[in-house]
Amino acid sequence: MISETFSNRTRLFLMAFDQVKRSAVSQILKSPLYKWRYSVQSAEYLTLMPQDLRTADPSFGTEVYHGHFGLAGTVAITDNISPFKIRPPNKIWEEDLHGFGWLRHFSAAPSDKARAQVQMLLRDWMQSSSYNKQISYQPEVVARRIISWLSHVGHHIGERDNELYDQVMRNLTSQIHYLSGYYAYIPDGYPRLLALIALVLSGFCLSDQESFVEDYLEPLCNELDRQIFEDGGHISRNPWVPVELILDLLPLKQCFITYEKEPPEEISQSIKRILSALHFMRLGDGYLARFNGMAATSPDTIATLLSYDEIHLRQPQNLPQSGYSSLSLGTTKLIMDTNGPPELMFSSQAHAGCLSFEVSVGIYPLIVNCGAPGPANQDWRLTSRTTPYHSTLSINKSSCSNILQNSLLERYMEGPLITNPESTKHSYHKDTSKLQLEAEHNGFASQYGVIYSRAISLSERGNRIAGKEYLHPTDRPALQPATRFPFALHFHVHPDVQPRLAKDKKTILLELPNGDIWSFRASDMTPSLEESLFFADFRGPRRTIQIVLRGAHKHRTEFSWILERTQDSNKNTKTEKSLNAPKASRLVQPSQKLLAQEKAKDKESTLKENIDHKKDKA
């Protein structure tokens, strides 16, 4: 799916050139000649160790002792060899290894054995000449390693006069000055913010490095103002990026308090805004809604962060800058993506899921997007970003966004960038009986000449969700299609929900784990139960079911659907409508070969058809 527009080609060329320049600068900064010519005074000791708020696993050290180094969802067998000298199982595992975030697991279970392991691993990293500098000196990896060392090495390497302690201080100082020299070339977005946080933390936590607070606090505040929206979202539109940021901003704020300094307003306000956005994006099960790169998350982490919400902010109705809106009544919560992808530079993790939505009922997710796969399943990354893997409408198996493929950029930005839809609209309505969202996008306008609109309402105390779907012509006659084309409206069901096909073949019953039953039906259309994959799971892609409404569009298409609770387990009663509902047939089970079939279909059909289509059109 390659865009052929001149503007996109130009932007991709400039971004690729910028990445080549950054790579060249990085190589110079890593050279022994540069380190000799611009050597600086080394820090002598740690003055402060910031708290690490990330969840720790006390059993990690035992697993490492037995030769199992598990990172990023993948376990590498070390066989008494340093993990820095083995062939890494994948890139993300290697980045986590060199980032040293795993030190927190050793700190969670302190012992003489843990201290010995950490000391050995630190020596291995500093003494080895075979580790991959291309990975270990990426700015995000260096910044994460600096923060991890500042937070944990003091627990494991003993007194100040220890030889290893001095070696770590020299190496740490060298890394900080490398990051400082490379700052102007750090990619925009989260990597730049992380690097600035690491540099300011270093000024607080290391002796003789106080100047880093003065030099980089203002740039950090400026970047926070630019990258964190007023509503608490991040410029990338990825719900997880603010989580990563606040996990480091909270300890940084505490450093100011420890030194009896007032934290800058930009840091305090960013934390406040992010906490408000987390309240909004969290569904009833404690997980964040799966939009724009959101993978499996730890609800414990979210709960920990929300405990820092001292004023218990009231949840907003929408995040206007981030582009998310919600409906909430009773125990039912619905969140919809009402915007297009972020700016091109920040879109490497974004999804083609405009106007998709997720629903949770109480603590149970009901309708979901498929989400992003974990680090061990990156082969599915491109597939998960396409429109059919979101609870929204797709046309002819294609996506509402263009995926811009550039091999050079993908090496540095971890995936293709995306553009389109260029125009979106949404509105929120509330009356005495229901809440309603209306939204539209023009993502299919250039190829199919139509605007996609949908209106979704929540009523009856959260027990009824009704949707109206529209495909109507654009105001540009030249774009109107000459032939009919197929469309499909997808409703991906969470794997823990059991879908049942009723005997009338027109009603789908969805049973939640607690026994609640919701029914789905559509006007003038027959829903089908089809196989799907849920990527956002720590265990890897899970087989699940999707409800699909299929049709063909000619000039104008309108149809509606209803999803409502027909049995409430808490009241142990059925609604009047459910008393006459047809009995359900057996649960439709997905095929055992789904993973292989879906991957083959993606490579040989969906992507190829879209690429060929766009080439033919160009």
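These lines cover the structure that appears in this document, whether it is placed above or below. Model, not experiment: these values are computed from the prediction.

**Some thoughts on the overall build of the protein chain**
Move 1: Scanning the protein chain from N- to C-terminus turns up 19 helices and 23 strands.
Move 2: Taken over 618 residues, the protein chain has a buried fraction of 56%.
Move 3: For the protein chain, the share of sequence-separated contacts (at least 6 apart) that also reach a separation of at least 24 residues comes to 69%.
Move 4: Roughly 27300 Å² of accessible area belongs to the protein chain as shown, and the carbon and sulfur atoms make up 49% of that amount.

**Thoughts on the nonpolar core**
A general feature of soluble globular proteins is that nonpolar side chains tend to end up buried together.
Move 1: By size, the foremost hydrophobic cluster in this structure holds 92 residues, and its most contacted members are Trp102, Trp149 and Leu252.
Move 2: Looking at this core element by element, the count peaks at twelve residues for helix H10 (residues 190–205).
Move 3: Excluding residues that lie within four positions of it along the chain, Trp102 makes contacts with Phe60, Phe69, Leu71, Phe84, Asp96, Leu97 and Leu121.
Move 4: Counting 46 residues, the second largest nonpolar core, distinct from the first, contains Val361, Leu435, Phe444 and Phe487.

**Comments concerning the state of the cysteines**
Move 1: Scanning all chains against the criterion turns up zero disulfides.
Move 2: Counting only cysteine sulfurs, Cys255 is the nearest neighbor of Cys205, a cysteine outside any disulfide, at a range of 4.5 Å.
Move 3: Here Cys400 stays free of any disulfide, with the sulfur of Cys354 as its closest cysteine sulfur at 5.7 Å.
Move 4: The exposure class of Cys400 is buried, given its relative accessible area of 1%.

**Observations regarding unusual backbone geometry**
Move 1: Residue Pro421 follows Asn420 across a cis peptide bond; omega there is 0 degrees.
Move 2: Positionally, Pro421 belongs in the loop between strand S10 (417–419) and strand S11 (424–430).
Move 3: A positive phi angle, near 50 degrees, is found at Asp79, a position not held by glycine.
Move 4: Mapped onto the fold, Asp79 is located in the loop between strand S2 (74–77) and helix H4 (91–99).
Move 5: With a relative accessible area of 55%, Asp79 lands in the exposed category.
Move 6: Here the phi dihedral of Asn292 falls at roughly 50 degrees; this positive angle occurs in a residue that is not glycine.
Move 7: By the secondary structure assignment, Asn292 is in the loop between helix H13 (265–281) and helix H14 (299–306).
Move 8: With relative accessibility at 2%, the residue Asn292 sits in the buried group.

**Observations concerning the packing of aromatic side chains**
Move 1: One pass over the full model with this rule turns up 28 aromatic pairs.
Move 2: Judged by centre distance (4.9 Å) and plane angle (75 degrees), the rings of Phe491 and Trp561 are edge-to-face. One end of the pair, Phe491, is in strand S15 (residues 485–493); the other, Trp561, is in strand S21 (residues 557–568), with 70 residues separating them in the sequence.
Move 3: Taken together, the ring pairs in this structure connect Phe60, Phe69, Phe84, Trp93, Phe100, Trp102, Phe106, Trp125 and Trp149 into an aromatic cluster.
Move 4: For the cation-ring pair, Lys113 lies above Tyr65, with the distance from its terminal atom to the ring centre recorded as 4.2 Å.
Move 5: Positioned over the ring face of Tyr324 is Arg237, at 4.6 Å from the centre of the ring.

**A short note on the side chain of His441**
Move 1: Relative to the assigned elements, His441 resides in strand S12 (residues 434–441).
Move 2: A distance of 2.9 Å separates a polar atom in the side chain of His441 from the backbone nitrogen of Gly443.
Move 3: Beyond its immediate stretch of four places on either side in the chain, His441 contacts Cys354, Leu355, Cys400, Pro421, Ser423, Thr424, Ile451 and Tyr452.

**Details of the environment of Gly443**
Move 1: As for its placement among the helices and strands, Gly443 is situated in the loop between S12 and helix H17 (445–448).
Move 2: Under the relative-accessibility criterion, Gly443 is labelled buried at 8%.
Move 3: When the C-alpha positions of Gly443 and Thr419 are compared, they lie 9.3 Å apart, and in sequence the two are 24 residues distant.
Move 4: When sequence neighbours within four positions are dropped, the list of residues in contact with Gly443 reads Cys400, Asn420 and Pro421.

**Looking at the pairing of strand S13 (residues 450–459)**
Move 1: With respect to burial, S13 is a largely interior element, ten of its ten residues being buried.
Move 2: Across the two faces of S13 the burial is the same, with Val450, Tyr452, Arg454, Ile456 and Leu458 and Ile451, Ser453, Ala455, Ser457 and Ser459 all buried.
Move 3: As defined by bridge partners, S12 adjoins S13 across eight bridges and the pair is classed as antiparallel. By the bridge assignment for S13, Leu437 is matched with Ile456.
Move 4: Here ten bridges tie S13 to strand S14 (residues 464–473), and the two strands are oriented antiparallel to one another. Bridge pairing links Leu458 to Ile465 in S14.
Move 5: In sequence, S13 turns back onto S14 through a hairpin of four residues, with Glu460 there showing a positive phi of about 50 degrees.

**Details of the environment of Val213**
Move 1: Its place among the elements puts Val213 in helix H11 (residues 211–227).
Move 2: What makes Val213 buried here is its relative accessible area of 11%.
Move 3: Sequence spacing of Val213 and Ile197 is 16 residues, and the spatial spacing of their C-alpha atoms is 9.7 Å.
Move 4: For Val213, the residues in contact, after removing those within four places along its chain, are Val200, Gly203 and Phe204.

**Details of the pattern of salt bridges**
Move 1: Under the criterion given, the structure shown has 19 salt bridges.
Move 2: Residues Glu230 and Arg273 are paired through a salt bridge, measuring 3.3 Å at the closest nitrogen-oxygen approach. Highlighted residues: Glu230 in the loop between H11 and helix H12 (240–258) and Arg273 in helix H13, separated in sequence by 43 residues.
Move 3: Owing to a relative accessible area of 56%, Glu230 belongs among the exposed residues under this scheme.
Move 4: Residue class for Arg273 comes out buried when judged on its relative accessible area of 15%.
Move 5: Between Asp537 and Arg542 there is a salt bridge, with its nearest N and O atoms 3.3 Å apart. Pair check on accessibility: Asp537 and Arg542 agree, each one buried.

**With respect to the packing of helix H8 (residues 139–152) against helix H9 (residues 163–182)**
Move 1: Direction vectors running N to C along H8 and H9 enclose 145 degrees, while the axes themselves pass 10 Å from each other. When the axes of H8 and H9 are compared, the crossing they make is left-handed. In contact with Pro139, Val142, Ala143, Arg145, Ile146, Trp149 and Leu150 of H8, H9 contributes Val168, Asn171, Leu172, Gln175, Ile176, Tyr178, Leu179 and Tyr182.
Move 2: Considering only residue class, the contact of H8 with H9 consists of twelve nonpolar, two polar and one charged.

The rules behind each value
Residues numbered from 1 in each chain as written. Predicted model: local features only at pLDDT ≥ 70, side-chain atom pairs only at ≥ 80, totals over all residues. Heavy atoms only, no water. Helix = DSSP H or I, 4+ residues; strand = E, 2+ residues; numbered from the N terminus. Buried < 20%, exposed > 50% of the residue type's maximum accessible area, 1.4 Å probe, protein only. Contact = heavy atoms within 4.5 Å. Areas by Shrake-Rupley, 256 points an atom, 1.4 Å probe, with all protein chains shown as cover. Core = buried A, V, L, I, M, F, W, Y, C linked by side-chain atoms within 4.5 Å. Disulfide = S-S within 2.5 Å. Phe/Tyr/Trp six-rings, centres within 6.5 Å; stacked < 30°, edge-to-face > 60°. Lys NZ or Arg CZ within 6 Å of the ring centre and 35° of its normal. Polar contact = N/O pair within 3.5 Å; in protein donor to acceptor, adjacent residues only side chain to side chain. Pairing = 2+ DSSP bridges. Salt bridge = Lys/Arg side-chain N within 4 Å of Asp/Glu carboxyl O. Axes fitted to C-alpha atoms, helices over the stretch in contact; angles between N-to-C directions. Left-handed = near helix turned anticlockwise from the far one by under 90°. Nonpolar A, V, L, I, M, F, W, Y, C, P; charged D, E, K, R; others polar.

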